[in-house]
Amino acid sequence: MLTEISVENVALIEEATLELSPGLNVISGETGAGKTLLATALQMLLGARSRSETVRAGAKRATVEGTFVLPDVTRSSVLEEALGDLAEEVEADDGLVLRRTLTEDGRSRCYVGGVTVPVRALASLGERMVSYHSQREQTRLTEPAEQLAILDDFLDEGAIEAKEEREALWHAVERDRRELEEITASSEARLREIDFLRFQVSELEAADYSAQELTDLTRERDRLRNVTDLLQSTAAAAGALSSDEGVGAIDAVARSVSELERAARYDETLSVLLGRLGGLSAELEDVLYELRSYVDELEADPNRLEVVEDRIAALRALERKYGDDVEGYLQDARARLKRMENLDEETAGLEARIQEGERRLVELAATISNGRERAAEILSTKVQENLAHLNLEKTTFRAELVPNAPGPSGVERVEFVIRPNPGEPELPVRRYASGGELSRIMLAIRLAQERVEPGATYVFDEVDAGIGGETATAVGAKLRELGERNQVLTITHLPQIASEAGTHVVVSKEEAGGRTITRIRRVEGEERRRELARMLSGRIDEASLAHASELLVGGR
């Protein structure tokens, strides 16, 4: 359940905080006041794609923050499934706080319980906590993919497992088919490829390429090319350590040791320094020894330089031909050659695997089809019952299974069909339903569904378009009924629906400081009655106020 949402610098909303209650919450306001901005802010909070235009002009960033209360029984599983390992860092005992910021240059940051998360994690969490429905979503009810997804929400456990297995197996069989097609190309092409691979493997094995050898040779080449400078510099370094004249660093340290030994006889605290000088003297002697050995071994060798440069050139040529990872290329070429040379065995294995996969796909499809037949009966019955309570008691609804080309999810599609009145033809929803009917059909379906978590929030963004009168009263009653199970937040222009709400919020637009801003406030008592009167007639007078009072008495 969403208990509070705070919005800052989202379009026309400069700053607003909205406290929500369990049950039915209604948002109303004049056309153009910015009612849908709240829905936009909520979608942004739940991970929807947001553009920099969402940020209020002149502001650096837009911020939306919401507090959700999750049932104890589902809190851990919801967080773990949405956030993975990050769930352990999130505190949600006193309410789960979601926060998202969007800068003027389009950069977004998302937080759950103070922990930074990727936007996809926010979206995943939002799907579990909020079921969002809008006028745009009504048209989705006419799409085959959406209808099938709705039907599959009613599958039993066995059919769900069969569907998941079939989807994975379908893709595996398709991969095997593509692989079989590739390796069973014309025999002439395969022979050419085998010959080519054999040549490459032979060339690379004969060349005996080694990246480490190339590194070592490059270092040796640089030394051979600069042998004169190396001799001069290392000889000078050795001379600086010790010389025949006794002016080197080692000689100086030795004199220092001698003097300190004499002084230490009178002050034993100098023994520490004396020890350190002794260690330094030994280290310098060791360095001098290695330098002199290096100088003795260093000599110009034009013949060796030529050999090294020829080998480097040969290795570089292999890199230009086969890429930087020559050793990896050789390993891959050997594997491909082995595979091509054992083609018959691999082909037989693929054919057997494909045959077994196709057999299993047929079995799974039958299980899914049977499950969908049962699901279609359940969905049709539940939707039919809900339609009767939405002033569509003469309308019949049916989820019809239609054979379809085999695919990952089965061998059928679903078509939602209705008969608005007795004696009229039964036609698909996409070809028949009016806007008002589609709104109610969608609501009837959503009321039948049980795919959101207990305690989640339903959001209806002006899905009551095209209805009024008794129908609006029926829809309001049904939304209130839904609010008894789950929190409901609806944006509406119908007073019949607004009167059923336990919490009523009004959105208005006004000018302040030369700028247009959107105000959001919760109304109660007389203020709420006046808002209902405005919604009824567009003006507030005795007649509309009296009618508003009747609605409130008949509503909540």
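All figures in this text were calculated on a predicted structure; none of them were measured in a lab.

1. Here we look at the overall build of the protein
- In terms of regular secondary structure, the protein is built from 20 helices and 15 strands.
- Relative to the compact-globule value of 24 Å for 556 residues, the protein shows a C-alpha radius of gyration of 39 Å, a clear excess of over 25%.
- Expressed along its principal axes, the backbone C-alpha trace of the protein runs to roughly 120 × 80 × 45 Å.
- Considering the protein as a whole, with its 556 residues, one finds that 44% of them fall into the buried category.
- The long-range share in the protein, meaning contacts at least 24 apart out of those at least 6 apart in sequence, stands at 70%.
- Carbon and sulfur atoms make up 47% of the accessible area of the protein, which totals about 29,600 Å².
- For the protein, the distance from the average site of its 70 positive side-chain charges to the average site of its 106 negative ones is 6 Å.

2. Describing the pattern of salt bridges
- Applying the stated criterion across every chain yields a total of 32 salt bridges.
- In this structure, the salt-bridge partner of Arg336 is Asp332, at a minimum N-O distance of 3.5 Å. Taken together, the residues span about one helical turn, with Arg336 and Asp332 both in helix α13 (residues 326-341) at a distance of four residues.
- Within the structure, one salt-bridge network assembled from shared partners comprises Glu165, Glu356, Arg359, Arg360 and Glu363.

3. Focus: unusual backbone geometry
- The residue Asn9 is not glycine, and still its phi comes out positive at about 60°.
- Judged by relative accessible area, which is 14%, Asn9 ranks as buried.
- Although it is not a glycine, Ala11 sits at a positive phi angle of roughly 55°.
- Inspection of the secondary structure puts Ala11 in the loop between β1 (2-10) and β2 (13-19).

4. Digging into the confidence of the model for the protein
- Overall, the predicted model of the protein reaches an average pLDDT of 83, with 93% of residues at or above 70.
- Looking over the protein, one finds the lowest element-wise mean pLDDT in helix α4 (residues 135-140), namely 65, and the highest in strand β9 (residues 396-407), namely 93.

5. Notes on the sheet that holds strand β11 (residues 427-428)
- If you walk across this open sheet you meet the three strands as β9-β10-β11, and the pairing is antiparallel. Looking at the sheet topology across the chains shown, the edges are occupied by β9 and β11.
- Sheet analysis places strand β10 (residues 410-419) next to β11, joined by two bridges and oriented antiparallel. Note that in β11 the partner of Ile418 across the bridge is Leu427.

6. Some words on the packing of helix α9 (residues 227-241) against helix α11 (residues 271-297)
- Relative orientation of the contacting elements α9 and α11 amounts to 150°, with a least axis distance of 9 Å. On the basis of their axis angle, the class for α9 and α11 is roughly antiparallel. Crossing hand, α9 versus α11: left-handed. Together, Leu230, Leu231, Thr234, Ala235, Ala237, Ala238 and Leu241 of α9 and Leu284, Val287, Leu288, Leu291, Tyr294 and Val295 of α11 make up the contact between the two elements.
- The class makeup of the residues in the contact of α9 with α11 is 12 nonpolar, one polar and no charged.

7. A short note on the sheet that holds β2
- The antiparallel open sheet is built from six strands, whose spatial order is β2-β1-β4-β5-β6-β7. Edge positions in the sheet fall to β2 and β7 (115-117), since each of these pairs with one other strand and no more. Pairs of neighbouring strands in the sheet enclose a mean axial angle of 15°, with direction left out of account.
- Inspection of the sheet shows strand β4 (residues 61-68) paired to strand β5 (residues 96-103) by eight bridges, in the antiparallel sense. In the sheet register, Phe68 faces β5, and the bridge partner there is Leu96.
- Relative to the sheet, helix α3 (residues 119-129) contacts β4, β5, β6 (108-112) and β7, its axis offset from that of β5 by approximately 135°.

8. Remarks on the pairing of strand β12 (residues 457-461)
- The buried fraction of β12 is high, at five of five residues.
- By the alternation rule, side chains of β12 split into Thr457, Val459 and Asp461 and Tyr458 and Phe460, which are all buried.
- In terms of strand pairing, strand β8 (residues 130-134) meets β12 through five bridges, oriented parallel. Within β12, the position partnered with Ser131 by the bridge is Tyr458.

9. Overview of the environment of Gly423
- By the secondary structure assignment, Gly423 is in the loop between β10 and β11.
- The class of Gly423 is exposed, set by a relative accessible area of 81%.
- It is 42 Å that separates the C-alpha atoms of Gly423 and Met129, two residues lying 294 residues apart in sequence.

10. A word on the packing of aromatic side chains
- Throughout the structure, instances matching the rule amount to three aromatic pairs.
- On the basis of an interplanar angle of 5° and a centroid distance of 6.1 Å, the ring pair of Tyr458 and Phe460 is categorised as stacked.
- Judged by its relative accessible area of 0%, Phe460 is buried.

11. Topic: α3
- Here α3 has its buried residues at Ala121, Leu122, Leu125, Gly126, Arg128 and Met129. Mapping the buried residues of α3 onto a view down its axis gives an arc of 160°, with all of them on the same face. For α3, the exposed residues lying more than 90 degrees away from the buried face are Arg120 and Glu127.

12. Looking at a negative patch on the surface
- There is a patch of like negative charges on the surface, built from Glu80, Asp85, Glu88 and Glu89.
- Within the fold, Glu89 resides in the loop between α2 (72-83) and β5.

13. Looking at the environment of Asp541
- Along the polypeptide, Asp541 turns up in the loop between α19 (525-537) and α20 (542-554).
- In sequence terms Asp541 and Arg530 are 11 residues apart; their C-alpha atoms lie 8.9 Å from each other.

14. Concerning the pairing of strand β13 (residues 487-491)
- Of all five residues in β13, five are buried; the element is thus mostly enclosed.
- Burial along β13 is two-sided: Gln487, Leu489 and Ile491 facing one way and Val488 and Thr490 facing the other are all buried.
- The sheet contact formed by strand β3 (residues 24-28) and β13 spans four bridges and is parallel. Looking across to β13, one finds that Asn25 is bridged to Leu489.

15. Remarks on the side chain of Thr63
- Structurally, Thr63 is set in strand β4.
- Look at Thr63 and you get buried, because its relative accessible area is 12%.
- Sequence-distant contacts of Thr63, defined by excluding residues within four places in its chain, comprise Ser6, Val7, Glu8, Val10, Arg99, Arg100 and Thr101.

16. Considering the packing of helix α8 (residues 211-225) against helix α12 (residues 302-322)
- Their axes nearest at 9 Å, the elements α8 and α12 cross at an angle of 145°. The chirality of how α8 crosses α12 is left-handed. Contacts from Glu213, Leu214, Leu217, Thr218, Glu220, Arg221, Leu224 and Arg225 in α8 reach Arg304, Leu305, Val308, Glu309, Arg311, Ile312, Leu315, Arg316 and Glu319 in α12.
- Partitioned by chemical class, the residues of the contact of α8 with α12 number seven nonpolar, one polar and nine charged.

Conventions used here
- All residue numbers refer to position in the chain's written sequence, counted from 1.
- Given that the model is predicted, a residue must reach a pLDDT of at least 70 before its local features are reported, and side-chain atom pairs must reach 80 or more before they are shown or counted; all residues, however, enter totals for whole chains, interfaces and linings.
- Only hydrogens and water are set aside; all other atoms, that is, all heavy atoms of the structure, feed into the side-chain values.
- Strands are runs of DSSP state E lasting at least two residues, helices are runs of H or I lasting at least four, and both sets are numbered from the N terminus onward.
- We compute the radius of gyration over the C-alpha atoms and compare it with the globule rule, which gives 2.2 Å times the number of residues raised to the power 0.38.
- Exposure is judged per residue with a 1.4 Å probe applied to protein chains only, and the accessible area is read against the type maximum: over 50% gives exposed, under 20% gives buried, and values in between give partly exposed.
- The contact criterion used throughout is that any non-hydrogen atoms of two residues lie within 4.5 Å.
- Residue burial considers only the protein chains on display, and all accessible areas are found by Shrake-Rupley using a 1.4 Å probe.
- Charged-residue counts in this description rest on Lys and Arg as positive and Asp and Glu as negative, His and the chain ends being excluded.
- We put the charge of a Lys on NZ, of an Arg on CZ, of an Asp on CG and of a Glu on CD.
- Here a salt bridge means any side-chain nitrogen of Lys or Arg lying within 4 Å of a carboxyl oxygen belonging to Asp or Glu.
- Per-residue confidence from the prediction method is given by pLDDT, with values spanning 0 to 100.
- Here, a strand pair is defined by DSSP locating no fewer than two bridges between the strands.
- The convention used is that axes are lines fitted to C-alpha atoms, helices contributing only their stretch in contact, and that angles between N-to-C directions extend from 0 to 180 degrees.
- Just so you know how the angles are binned, under 35 degrees is roughly parallel, over 145 roughly antiparallel, 65 to 115 roughly perpendicular, and the rest oblique.
- Less than a right angle of anticlockwise turn of the near helix away from the far helix marks a crossing as left-handed, whereas a clockwise turn marks it as right-handed.
- The residue classification treats Ala, Val, Leu, Ile, Met, Phe, Trp, Tyr, Cys and Pro as nonpolar and Asp, Glu, Lys and Arg as charged. All others, Gly included, are polar.
- Classification of ring pairs rests on two measures: the distance between centres of Phe, Tyr or Trp rings, Trp counted by its six-membered ring, which must be within 6.5 Å, and the angle between planes, read as stacked under 30 degrees, edge-to-face over 60 and tilted in between.
- The arc in question is traced by the directions running from the helix axis to the C-beta atoms.
- Residues enter patches when their relative accessible area tops 30% and they take part in no salt bridge; the joining distance is 9 Å for like charges and 5 Å for the nonpolar side chains Val, Leu, Ile, Met, Phe, Trp and Tyr.

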